[in-house]
Amino acid sequence: MSVAPDHSPTFARTSLAERLSRAAPYLLVPVLVVLGFLAIGAPSSWLTLTVSGLAMGMMIFVMASGLTLVFGLMDVINFGHGAFISVGAFVGISVLLALGSWTGAPSLALNVAAVMLAVVAAMIVTGALGWAFERVIVRPVYGAHLKQILVTVGGLIVIEQLIHVVWGPDEIFLTRPETLKGAFTFAGAAIEKYRLLAVVVGLVLFVAMRLVFTRTKIGLIVRAGVQNGEMVEALGYRLRLVFIGVFIAGSALAGLGGVMWGLYQEVITAGMGEEMMILVFIVVIIGGLGSIEGAFIGALLVGLLQNYIAFLEPKLALISNIGLMTAILMWRPQGMMPVVEAK
Amino acid sequence: MLTRLLSGDRPRSLVLTVILLAILGALAFAPFLFPGVRSLETAARICIFIVLVASYDLLLGYTGIVSFAHTMFFGLGAYGVALASDAMGRGWGALAVGTVAGALAAAVLAAVIGMFSLRVRAIFFAMITLAVASAVAVLVSQLSAITGGEDGLNYSIPRELTPAFRLGEVMGVRINGKLLNYYLVFTCCLVLFLVLLRVVNSPFGRVLQAIRENEFRAEAIGYRVVYYRIIATCLSASVAALAGSLFAIWLRYVGPDTTLSFTIMLDILLMVVIGGMGTIYGAVIGAAIFVLAQNYLQTLMGSAAEATAGLPLVPDLLNPDRWLLWLGVLFILSVYFFPTGIVGRLRTGR
């Protein structure tokens, strides 16, 4: 009889290279900002571009977060997500236009109240729409990716056309509320007030989302559900209910993103959701499906890169996103921080 | 002989056979049966869309992957011919060079996209093709120095294919270059269609179907799923590019709206689903019904909207501009209730 080999477990410290590779996605944004600074040279234009890039990234993140969670949790890919962006924008802007006397007044309180009302209205409508969408369109095709893609694309078209029916075929121009107009100068750089607001809102949302996911029970269930849904169900949680909740919340966030984007561009069209979907998909792919942090970093990268490139080489801006996606997928084929194992 | 020509994949339903023969006959003798410019345009459009839809079905119906870049490949073929004719002047050489270059470019681009997305998971492919296709569409409309931008390109094709080339009269129909052009399109489309039928009924096509049914099992048997998917993508892309070249030769014009727009992508999707996914014959029926409906139903919608002008909201819904709304509804309903499409119904409904 031979003796069993000694059991000597060791705790190897993770090597520097490994820790670096884990932290690499977080470092990408600062690296990109520094590279942008070196390439642009002029600090004032760099600051302007960085703020507008961050603002754009934050808005894309707001729209993308719902999509990536819905995918992670239930393996449902929703090509109709863009419709919620458009609907949110149209509802929110309609409310703002109806409250013309509030938005026209040079009073911060009235302006903020009008915007808040618009956002709440948009989120309620898109949330309800998301609930209906899940029930009518998505539910019959669980588990079949092919049909999901086809059916949700159909839903996108139908909702977009219904917007045309309700609001007419033309784009709607709007002006921002009085106190959000204009820019102020900081260190020689002109910074639009609204962009700064968008950055703040996006940051607050991201932090709130992280807190919900890391500190609350519902967040725990959602995260566990993304990693291993069957196990969570076996523990007695009704994941379907959680999923519907996430779907509704994701749709409402898309609506919020739509209002923010509409105010940013000062024009809304029924096709805006479809256009934004392209960016949202790129963000979700490079972030890694199912990952909130990945989507956040991806959105910031997309926003910053697009603004820098548009300044440096306007012609290249059209394909900068595709280039970014290609580069990231060559580095990590699953996206930067995939949560869901490839199925 | 006939069975051999059809690669052993006969329609397998009497009604289907009759319909297919009727469509084939109508297309083959279109200039004589339905004289007139508009009907000839419709017939040529049907021919080209049959090939385009069949090539898409190779991807969606047989391999089970969704692509949103099929119009991009279609456009590559069309712009290939347009740019070559523009640069080399009118002539057969330009047409040949443009066609081959377009098909090659489509295959290469499809391979690159496939390698990036298909090796991870098939669902990436849908998203990435959507992103790439929209980037290409924007690029084409922005680079107006090369592509003519939103206005597109007009160019001349060999004189033998234009109405100015006259040969005489048969049965009261003038034989001119336009007619020759139609038969060029028709013949090429027929050949391409038979080639596609051959592909899906070959051992290669069987493997694709196996992958569609159960990817894991196909891999376990020893087929390299990723390779097969990429090859299917390339094949489908180059056939789409060839269809695009034919379209460009027929129209003598290319523009982003006629070749690259997302609306055409939706049309293709709808044609595949209506006709029947996973049957090449479905493409014939889907394309024929859809193109006819598109050409003649929109007029009907317009008159219906006028008739209901007094009612609230109804005329808005029936406005011909809302054509897409009804397409979308039809699309969702057919995915739910007719996943096998018309051909599937006819084949099982005996």
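This one's a predicted model, so the numbers in the text were calculated from it and none came from an experiment. (Residues numbered from 1 in each chain as written. Chains lettered and ligands numbered in written order. Predicted model: local features only at pLDDT ≥ 70, side-chain atom pairs only at ≥ 80, totals over all residues.)

A. Representation of the overall build of chain B within the structure. The number of helices and strands found in chain B is 18 helices and four strands. On C-alpha atoms alone, chain B measures out to a radius of gyration of 21 Å, which is about the 20 Å that the 2.2 N^0.38 rule sets for 350 residues. Overall, chain B is about 60 × 55 × 50 Å in size when its C-alpha atoms are taken along their principal axes. A buried classification covers 48% of the 350 residues belonging to chain B. For chain B, long-range pairs separated by at least 24 residues make up 71% of all intrachain contacts whose partners lie at least 6 apart in sequence. (Helix = DSSP H or I, 4+ residues; strand = E, 2+ residues; numbered from the N terminus. Rg over C-alpha atoms; globule rule 2.2 N^0.38 Å. Buried ≥ 20, exposed ≤ 12 C-beta atoms within 10 Å, placed from the backbone. Contact = placed C-beta atoms within 7 Å.)

B. Quick look at the nonpolar core. By size, the foremost hydrophobic cluster in this structure holds 230 residues, and its most contacted members are I60, V280 and V283 of chain A together with I48, I50, V53 and A287 of chain B. At 18 residues, helix 2 (residues 43-74) of chain A tops the list of elements feeding residues into this core. For I48 of chain B, the contacting residues outside a window of four places in its chain are V185, C189, A243, L246, F247 and W250 of chain B. (Core = buried A, V, L, I, M, F, W, Y, C linked by C-beta atoms within 7 Å.)

C. Examining the UniProt feature "transmembrane region" (unreviewed entry) in chain B more closely. As recorded in UniProt, the sites labelled "transmembrane region" (unreviewed entry) are residues 14-34, 68-85, 92-116, 122-140, 180-200, 226-251, 263-293 and 323-344 of chain B. Taken end to end, residues 226-251 of chain B is 100% helix and 0% strand, and its first and last C-alpha atoms sit 37 Å apart. (UniProt positions renumbered as here; feature names shortened; annotations may be inferred.)

D. Layout of the interface of chain A and chain B. Contact residues are listed per partner, giving 32 residues for chain A and 35 residues for chain B. Only helix 6 (145-167), helix 11 (272-287) and helix 13 (317-331) of chain A provide two or more residues apiece to the side of chain A that touches chain B. If one sorts the elements of the side of chain A that touches chain B by residue count, helix 6 of chain A sits on top with 14 residues. A per-class count over the side of chain A that touches chain B returns 23 nonpolar, seven polar and two charged. (Nonpolar A, V, L, I, M, F, W, Y, C, P; charged D, E, K, R; others polar.)

E. Up close: the environment of F79 of chain A. All names here are of chain A. Among the structural elements, F79 can be located in the loop between helix 2 and helix 3 (81-98). Its 24 C-beta neighbours within 10 Å are what place F79 among the buried residues. When the C-alpha atoms of F79 and T152 are compared, they prove to be 5.2 Å apart, with 73 residues separating the residues in sequence. In this structure, F79 is in contact with I149, T152, V153 and L156, ignoring residues within four places of it in sequence.

F. The environment of E313 of chain A, seen in detail. All names here are of chain A. Position of E313 relative to the elements: it lies in the loop between helix 12 (292-312) and helix 13. Note on E313: 11 C-beta atoms within 10 Å, which makes it exposed. For E313 and E230, which are 83 residues apart along the polypeptide, the C-alpha to C-alpha distance reads 49 Å.

G. Representation of the packing of helix 2 of chain A against helix 10 (residues 239-265) of chain A. Residues and elements named next belong to chain A. Two elements in contact, helix 2 and helix 10, have axes whose closest approach is 7 Å; the angle formed by their N-to-C orientations is 160°. It follows from the interaxial angle that helix 2 and helix 10 lie roughly antiparallel. Taken as a pair, helix 2 and helix 10 cross one another with a handedness that is left-handed. Among the residues forming the contact of helix 2 with helix 10, the class breakdown is 18 nonpolar, five polar and no charged. (Axes fitted to C-alpha atoms, helices over the stretch in contact; angles between N-to-C directions. Parallel < 35°, antiparallel > 145°, perpendicular 65-115°, else oblique. Left-handed = near helix turned anticlockwise from the far one by under 90°.)

H. Broad picture of helix 3 of chain A. Between its first and last C-alpha atoms helix 3 of chain A spans 26 Å; for 18 residues at 1.5 Å apiece the expected length is 26 Å, and the two agree. In terms of burial, helix 3 of chain A is largely enclosed, as 15 of its 18 residues are buried. (Expected span 1.5 Å × (residues − 1).)

I. Looking closely at the packing of helix 2 of chain A against helix 12 of chain A. Residues and elements named next belong to chain A. At a closest axis distance of 7 Å, the pairing of helix 2 and helix 12 adopts a crossing angle of 145°. The element helix 2 and its partner helix 12 pack so that their crossing is right-handed. Residues that form the contact of helix 2 with helix 12 fall into these classes: 16 nonpolar, ten polar and no charged.

J. Up close: the environment of L318 of chain A. Inspection of the secondary structure assignment puts L318 of chain A in helix 13. Put simply, L318 of chain A and Q306 of chain A are twelve residues apart on the chain and 8.3 Å apart in space, counted from C-alpha to C-alpha.

K. Seen up close, the pairing of strand 3 (residues 189-192) of chain A. All names here are of chain A. Direction of pairing for strand 2 (residues 183-186) relative to strand 3: antiparallel, over a ladder of four bridges. When the sheet's bridge partners are listed, A183 is paired in strand 3 with E192. What sits between the antiparallel neighbours strand 2 and strand 3 is a turn of two residues, in which A187 has the positive phi angle 50°. (Pairing = 2+ DSSP bridges.)

L. Spatial organisation of the confidence of the model for chain B. Residues and elements named next belong to chain B. The predicted model of chain B averages 86 in pLDDT, with 98% of residues at 70 or higher. Between the elements of chain B, mean pLDDT differs from a low of 71, seen in helix 16 (residues 314-318), to a high of 94, seen in helix 12 (residues 225-251). Predicted as a complex, the structure gets a pTM of 0.87 and an ipTM equal to 0.83. (pLDDT = per-residue confidence, 0-100.)

M. Unusual backbone geometry, seen in detail. The phi dihedral of E266 of chain A is positive, around 60°, even though this residue is not glycine. By the secondary structure assignment, E266 of chain A is in the loop between helix 10 and strand 4 (267-268). If you check the backbone angles, R252 of chain B has positive phi at about 60° while not being a glycine. Among the secondary structure elements, R252 of chain B is positioned in the loop between helix 12 and strand 4 (253-254). Exposure remark for R252 of chain B: the 17 C-beta atoms within 10 Å place this residue in the partly exposed category.

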